[in-house]
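So you can see what is in the structure, the chains are spelled out below.
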Amino acid sequence: MEVIKNRKVLQDFIERQKEMGKRIGFAPTMGALHKGHLSLYEEARKENDLVISSIFVNPTQFNNPEDLEKYPRDINRDILILENSGLVDAVYIPEVSDIYPEKTESRHYDFDGLEDEMEGKSRPGHFDGVGTVVEELFRQVQPDNAYFGEKDFQQLAIIKKMVEKKKLPVNIKGVPIYRAENGLALSSRNQRLQDIRKEASTVIYQTLKKVNDWFRTVTIPEIKERVTDIFDQQQGMKLEYFLIADEKTLKETDFFYKDRSFRAFIVVIVDGVRLIDNMHLD
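Since the structure is predicted, the reported quantities are computational estimates derived from the model, not experimental observations.

Conventions used here
Residues numbered from 1 in each chain as written. Predicted model: local features only at pLDDT ≥ 70, side-chain atom pairs only at ≥ 80, totals over all residues. Heavy atoms only, no water. Core = buried A, V, L, I, M, F, W, Y, C linked by side-chain atoms within 4.5 Å. Buried < 20%, exposed > 50% of the residue type's maximum accessible area, 1.4 Å probe, protein only. Contact = heavy atoms within 4.5 Å. Helix = DSSP H or I, 4+ residues; strand = E, 2+ residues; numbered from the N terminus. Polar contact = N/O pair within 3.5 Å; in protein donor to acceptor, adjacent residues only side chain to side chain. Axes fitted to C-alpha atoms, helices over the stretch in contact; angles between N-to-C directions. Parallel < 35°, antiparallel > 145°, perpendicular 65-115°, else oblique. Left-handed = near helix turned anticlockwise from the far one by under 90°. Nonpolar A, V, L, I, M, F, W, Y, C, P; charged D, E, K, R; others polar. Pairing = 2+ DSSP bridges. Right-handed = clockwise from strand over helix to strand, strands pointing away. Expected span 1.5 Å × (residues − 1). Arc of directions from axis to C-beta.

Draft legend 1. The arrangement of the nonpolar core in detail. Judged by nonpolar contacts, the single largest core of 42 residues is most densely connected at Ile52, Phe138 and Ile172. In this view, isoleucine 52 contacts Phe13, Ile14, Ile24, Gly25, Phe26, Ala27, Tyr41, Ala90 and Val141; residues no more than four positions away in its chain are not counted. Within the second largest apolar cluster, 28 residues are counted, among which are Leu184, Trp214, Val218 and Val227.

Draft legend 2. Spatial organisation of the environment of serine 39. Tracing the backbone shows serine 39 in helix H2 (residues 35-47). Accessibility expressed as a relative area gives 9% for serine 39, which makes it buried. With 139 residues separating them in the primary sequence, serine 39 and tyrosine 178 have C-alpha atoms 7.2 Å apart. Only 2.5 Å separates the side chain of serine 39 from the backbone oxygen of glycine 36, close enough to count as a polar contact.

Draft legend 3. Spotlight on the packing of helix H10 (residues 203-214) against helix H11 (residues 220-232). Here H10 crosses H11 at 160°, and the two axes come no closer than 11 Å. When the axis of H10 is compared with that of H11, the two are roughly antiparallel. Relative to H11, the crossing made by H10 is right-handed. Counted together, Val203, Ile204, Thr207, Lys210, Val211 and Trp214 of H10 and Ile223, Arg226, Val227, Ile230 and Phe231 of H11 form the full contact between these two elements. Residues that form the contact of H10 with H11 fall into these classes: 8 nonpolar, 1 polar and 2 charged.

Draft legend 4. The environment of aspartate 254, seen in detail. As for its position among the elements, aspartate 254 is in the loop between strand S7 (237-246) and strand S8 (262-270). With relative accessibility at 53%, the residue aspartate 254 sits in the exposed group. Separated by 214 residues in sequence, aspartate 254 and leucine 40 have C-alpha atoms that sit 33 Å apart. When near neighbours in sequence (up to four residues on either side) are disregarded, aspartate 254 contacts Ile220 and Pro221.

Draft legend 5. Here's a closer look at the environment of asparagine 6. Looking at where asparagine 6 falls in the secondary structure, it is placed in the loop between strand S1 (2-4) and helix H1 (7-19). On the basis of relative accessible area, asparagine 6 is assigned to the partly exposed category, the value being 30%. Put simply, asparagine 6 and serine 97 are 91 residues apart on the chain and 9.1 Å apart in space, counted from C-alpha to C-alpha. Here asparagine 6 is in contact with Tyr92 and Asp98, once residues within four sequence places are set aside. Within the local environment of asparagine 6, its side chain forms a polar contact with the backbone nitrogen of lysine 8, the two atoms lying 3.0 Å apart.

Draft legend 6. Here's a closer look at the sheet that holds S7. A sheet is described by the order of its strands in space; here 3 strands give the open sequence S7-S8-S9, paired in antiparallel fashion. The strands lining the two open edges of the sheet, one partner per strand, are S7 and strand S9 (273-280). Mean inter-strand twist for the sheet, computed between neighbouring axes without regard to direction, equals 15°. Taken together, the 9 bridges between S7 and S8 define a ladder with antiparallel strand orientation. The residue of S8 that forms the bridge with methionine 237 is valine 270. Along the sheet, H10 contacts S7, S8 and S9; its crossing angle with S9, the most-contacted strand, is approximately 25°.

Draft legend 7. Seen up close, the sheet that holds strand S2 (residues 24-29). The 6 strands are arranged S1-S4-S3-S2-S5-S6 in an open sheet whose pairing can be described as parallel. This sheet does not close on itself; its edge strands, each paired only once, are S1 and strand S6 (171-175). Ignoring which end each strand starts from, the neighbouring axes of this sheet average 25° apart. The sheet contact formed by strand S3 (residues 50-55) and strand S4 (residues 90-92) spans 3 bridges and is parallel. Across the sheet, the residue bridging to serine 54 is tyrosine 92, located in S4. Packed onto the sheet, helix H4 (residues 75-85) meets S1, S3 and S4 and runs at close to 165° relative to S3.

Draft legend 8. Inspection of the pairing of S3 at higher detail. Burial analysis of S3 places 6 of its 6 residues in the buried class, the great majority of the element. In S3, alternate side chains face the same way, and those of Leu50, Ile52 and Ser54 on one face and Val51, Ser53 and Ile55 on the other are all buried. Two strands pair when backbone bridges link them, and S2 and S3 are joined in this way by 6 bridges, in the parallel orientation. Bridge pairing in S3 places threonine 29 opposite isoleucine 55. Viewed along the sheet, the connection from S2 through H2 into S3 turns out right-handed.

Draft legend 9. Just H1, in detail. The end-to-end C-alpha separation of H1 is 18 Å, in line with the 18 Å expected for 13 residues at 1.5 Å each. Those residues of H1 not exposed but buried are Leu10, Phe13, Ile14 and Gln17. For H1, the arc enclosing every buried residue in end-on projection is 100°, short of the 170-degree limit, so these residues lie on one face. Buried residues belonging to H1 abut S1, S2, S3, S4 and helix H7 (126-141). The residue sitting at the N-terminus of H1 and contributing the capping side-chain oxygen is asparagine 6; that oxygen lies 3.0 Å from the backbone nitrogen of lysine 8. At the exit of H1 stands glycine 21, carrying a positive phi of roughly 75°.

Take a look at the structure:
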C-alpha cells in the first residue's frame with residue numbers, strides 16, 4: 001500500500017493510474033478507523049481497479065474547537081489497519097496546506113436547503129466545511145466512484161447534491177450502516193465510550209427498530225412521545241433530537257405519505273459523546 005503525504009506526489013500517482021486506464025474507487029475519512037470504514041473499501045474493491053483512502057481531520061467542519069481538539073487521531077494505527085485489510089492500494093494523508101493552500105476557510109454552498117435541516121440547525125457552516133474538503137479531495141484524487149456510509153445520511157445527501165450542482169464526474173455510492181453485534185452503529189466518536197456505556201447505548205438501535213415496527217400504525221407525534229419516554233428513563237443519556245424525515249428533502253414530517261420514503265433520525269448524548277444514528281422505515 002502506498003502512503004502519500006502531499007498533493008504533488010498524489011498528482012503524479014493519479015496521473016500514472018489514469019494513463020493505465022484504471023478505475024478509481026475512493027472513500028475519504030477523518031481517521032480513527034474501524035470496521036465501518038473497511039466496509040466502504042469492501043464495496044469499492046468490488047467495483048474498481050484501484051482503491052484509495054484518505055485521512056484528514058478537516059478543521060472547517062468543526063463548530064466547536066474543543067471537539068476538534070478531542071477528535072481521536074492515531075495515523076500509525078490507521079495505516080496499519082488499512083495495510084492489514086488488504087482492501088486499499090493507497091492512502092492520501094495531506095497537510096492542511098494541501099487542502100487549503102491560502103486560508104483555512106470554507107467555500108459557501110447552496111445545497112437546496114438540505115444543509116438547513118437536522119444537523120445544520122445546530123452546526124451552522126458545518127456542511128460548507130464538508131462540501132469544501134470533499135470537493136477538493138475529489139478534484140485531487142479524481143475518483144470514478146466515491147463511497148460514504150449511510151450513518152451520516154444527511155452528509156451523504158449533501159455530497160450527492162454538491163456533485164450534481166458542480167457537475168463533478170464521480171458516482172456517489174451510499175453504503176449501509178455497519179453495526180456491532182449489539183446493534184450500535186460504529187463511529188469514531190463512540191471509541192471514546194467505556195465498554196459498559198457502549199453496551200447501554202444499544203438502546204438507540206433498539207429504539208429505532210421499535211420505531212420501524214410502529215411506522216404506519218402509530219401517529220408520528222405518538223411515536224415521538226414514546227421515543228422521548230424511552231430516553232427519559234435512561235441514566236447518563238440525553239436525547240438531543242428524534243425526528244422522521246422525507247429521505248429526499250430531509251424535511252421533518254408529521255404525516256406519512258404513501259408515495260414517499262421516510263427515515264428516522266436520532267441523536268443521543270452519552271457521557272458527553274454525541275452519537276448519531278438513523279434507519280430507513282419500511
